[in-house]
Amino acid sequence: MANNAEMSAWLEINSATVYQVIDSCTIGRAQGNRLVLHSPSVSRRHAMVYGSAERGYWVTDLGSRNGTFVNELPVKDPVLLADKDRILMGNYLLTFHRGKRPPTTSVETRPASNVSTSGADAPPANTSAEYGVLSLDSRCRIRRVTPNVTRWFGIYFARENFSESRMPPTLENWVLTRQRELQKGARGAAANEEFKAANGDLVLTARLADTGFEEIILVLSEEQPRLTASALVGLGLTPREAEVLVWVGQDKSNADIGGILGISPKTVEVHLYNVYQKLGVENRRQALSAALERLGPKPSGK
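Residues numbered from 1 in each chain as written. Predicted model: local features only at pLDDT ≥ 70, side-chain atom pairs only at ≥ 80, totals over all residues. Heavy atoms only, no water.

A. Inspection of the pattern of salt bridges at higher detail. Within the structure shown, the criterion is met by twelve salt bridges. A salt bridge links E241 to K278; its shortest N-O distance comes to 2.8 Å. Taken together, the positions of E241 in helix α4 (residues 239–249) and K278 in helix α6 (residues 265–279) put the pair 37 residues apart, joining distant regions of the chain. Residue classification places E241 among the buried residues on the basis of a relative accessible area of 4%. Of the charged contacts, one joins K266 and E269 as a salt bridge, the two residues approaching to 4.0 Å between their closest N and O atoms. Here the residue K266 and the residue E269 both occupy positions in helix α6, the gap between them amounting to three residues, near one helical turn. Residue classification places K266 among the exposed positions, given a relative accessible area of 56%. Counted as one network, the salt bridges with shared partners bring together R45, R143, R144 and E215. (Salt bridge = Lys/Arg side-chain N within 4 Å of Asp/Glu carboxyl O. Helix = DSSP H or I, 4+ residues; strand = E, 2+ residues; numbered from the N terminus. Buried < 20%, exposed > 50% of the residue type's maximum accessible area, 1.4 Å probe, protein only.)

Below is the structure:
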């Protein structure tokens, strides 16, 4: 089984220092960024790397003067990062790493509150998710927005009024509420609360990534929900039943699941029978549908 660090993401800076990426990481030359790069060629608020072990890690430019480049290509929209991708910001070369920390001389880390605790046999990252970034001023007026976010506004908030400078009222009210909660010192689950909206089988998720420099940054993602063992336990399944159903969602056979979990295919069959009874269904497809429906997004910002 892999430990937390082996599931983490790292930025290797000029082959000298390693920085562990936790959730979202703003990068720039100004104090207040999570990662500060001391160079006039780097903008005060240059770029952001964000994501998770489950969804993959992305980089987006935050309107920097000299631009951000991944493998020599300019970053115009959020870019999904692969292991050993090279990120250029001014005269800094950052190499992205997934897995074990690369062997360099200095390490900066932050509390690993959002690092996956999954083992080596966890389902692969859901890289089908699409990310977008929305930058707002202190009055919630839009400063910068990636094109996909504008498209999502038209899909998920079709009945609301929004413009080039104002986001849909439902989302704006949620942002204002979250700001007030964070100012009051919200912690734990309350501090990490997300906005969710559904469109058929797809779910739009938004969360506050950063609120410094009189700027609010929202990271939005659209994806088809994927079951997780922790969520399924909340439906009354045992941890083992939940693990089995997660792998069913990855289209694994009973024999495959047995090999992954170290149990016999017959035992997998017994766990699935219990899952069917608890969810009131008769087969794999119905079990997946029932679980996704029960775990679907709850209305946000109402």
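B. Looking closely at the sheet that holds strand β13 (residues 130–137). The strand order across the open sheet built from five strands is β14-β13-β17-β16-β15, with neighbouring strands paired in antiparallel fashion. Edge positions in the sheet fall to β14 (142–145) and β15 (195–199), since each has one partner strand and no second. Mean inter-strand twist for the sheet, computed between neighbouring axes without regard to direction, equals 20°. Relative to strand β16 (residues 202–210), β15 runs antiparallel, the two being bridged by five bridges. Each residue of the ladder has a partner; that of A198, found in β16, is V203. Against the sheet, helix α1 (residues 147–156) contacts β13, β14, β15, β16 and β17 (215–223), and its axis sits at roughly 95° relative to β13. Lying on the sheet, helix α2 (residues 169–183) is in contact with β13, β15, β16 and β17; it crosses β16 at an angle near 40°. (Pairing = 2+ DSSP bridges. Axes fitted to C-alpha atoms, helices over the stretch in contact; angles between N-to-C directions. Contact = heavy atoms within 4.5 Å.)

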